[in-house]
Amino acid sequence: MVLGPVLFSTCSNDTVSGILSKFADDTKPSNGAPVCPSVPLSPQLHRRGFRCLHGVDGSPGMLERARSTGLYRELRRCVLGQEPLPAPAEHYDAVTVVGALGEGQGPTTALTELLRVTKPGGFLCLTTRSNPSNLRYKAELETALAGLERRGAWQKVLAQEVERWERATSEEESTQGTGYISGVVYVYQKCPVPPLEEG
């Protein structure tokens with residue numbers, strides 16, 4: 001799931017698809033369960049065996065780009081955090097958000113909507129950048145992620161720093177003059193619904 005026209009380095013998409021395929025093997029074609037990946041990530045997931053891909057984006061241009069790949073079974077327009085996702089509750093085995101969680105993009109309050117559409121036991125793979133202009137947002141995101149974990153909504157499976165996440169747009173944003181900015185991949189597993197206590 002990506003919101004707006006965002007370009008990613010191959011490194012970031014390969015990293016995310018590799019991580020997701022390691023933890024979410026049950027989302028592959030054997031059960032036909034839908035996965036909702038970002039547009040730039042879909043070719044890597046498809047190469048790793050994911051076949052039932054649904055996409056959501058706020059940008060008609062990105063939806064057209066996704067449609068042109070021929071990899072998606074369903075594409076819908078939606079702006080993360082501004083409206084409910086166009087999917088029923090507990091629908092997806094895995095949800096990915098690459099490039100849409102950052103300053104001026106999807107708000108951290110959208111995490112509960114991402115959880116809503118993920119099946120119990122399903123995986124959420126989220127990313128954000130670690131460049132200077134996104135550090136306030138990253139801290140807010142990590143506070144929200146930890147809060148949902150404390151409330152028992154999900155468990156953190158992985159938080160992996162990626163040094164060369166994407167090309168920097170300015171020298172000030174570059175990590176130690178490399179021409180790239182760093183980022184983080186978070187993988188969470190939604191907790192199963194606890195059994196009702198009889199009383």
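Residue numbers here run from 1 along each chain, matching the order of that chain's written sequence. Local features are withheld for residues below a pLDDT of 70 in this predicted model, meaning they are given only at 70 or higher, and side-chain atom pairs are given and counted only at 80 or more; totals for whole chains, interfaces and linings count all residues. To get the side-chain values, all heavy atoms of the structure are used, and hydrogens and water are removed first.

### Observations regarding the packing of aromatic side chains
Any two rings among Phe, Tyr and Trp, with Trp reduced to its six-membered ring, count as a pair given centres within 6.5 Å; such a pair is stacked if its planes are under 30 degrees apart, edge-to-face if over 60, and tilted if neither. Under the counting rule described, the total for this entry stands at 1 aromatic pair. When the centroid spacing of 4.3 Å and the interplanar angle of 25° are considered together, the rings of W154 and Y188 count as stacked. You can see W154 sitting in strand β6 (residues 154–167) and its partner Y188 sitting in strand β7 (residues 180–190), a full 34 residues away along the chain. Each member of the pair, W154 together with Y188, is buried. A run of H or I in DSSP counts as a helix once it spans at least four residues, and a run of E counts as a strand once it spans at least two, with each numbered from the N terminus. The classification of residues rests on relative accessible area computed with a 1.4 Å probe and restricted to protein chains. Under 20% of the type maximum is buried, over 50% is exposed, and intermediate values are partly exposed.

### Examining the pattern of salt bridges
We define a salt bridge as a side-chain nitrogen of Lys or Arg found within 4 Å of a carboxyl oxygen belonging to Asp or Glu. Applying the stated criterion across every chain yields a total of 7 salt bridges. When the shortest N-O distance is used, the salt bridge between E64 and R67 registers 3.2 Å. One end of the pair, E64, and the other, R67, are both in helix α3 (residues 60–69), 3 residues apart, so they sit about a helical turn from each other. As a salt-bridge pair, E140 and R136 come within 3.3 Å of each other at their nearest N and O atoms. In this pair, E140 and R136 both sit in helix α5 (residues 135–150), 4 residues apart, roughly one turn of the helix. Residue class for E140 comes out partly exposed when judged on its relative accessible area of 34%. You can call R136 exposed: its relative accessible area is 53%. Here the salt bridges do not stand alone but share partners, grouping E103, R136 and E140 into one network.

### Focus: the environment of T128
Take T128: it is sitting in strand β5 (residues 118–129). C-alpha of T128 to C-alpha of V184: the two residues are 56 residues apart in sequence and 5.6 Å apart in space. Pairs of N or O atoms are called polar contacts if they sit within 3.5 Å, as long as, within protein, a hydrogen donor faces a hydrogen acceptor (for residues adjacent in sequence, only side-chain-to-side-chain pairs). A distance of 2.9 Å separates polar atoms of two side chains, one belonging to T128 and the other to N134.

Worth remembering: the numbers are spatial, not functional.
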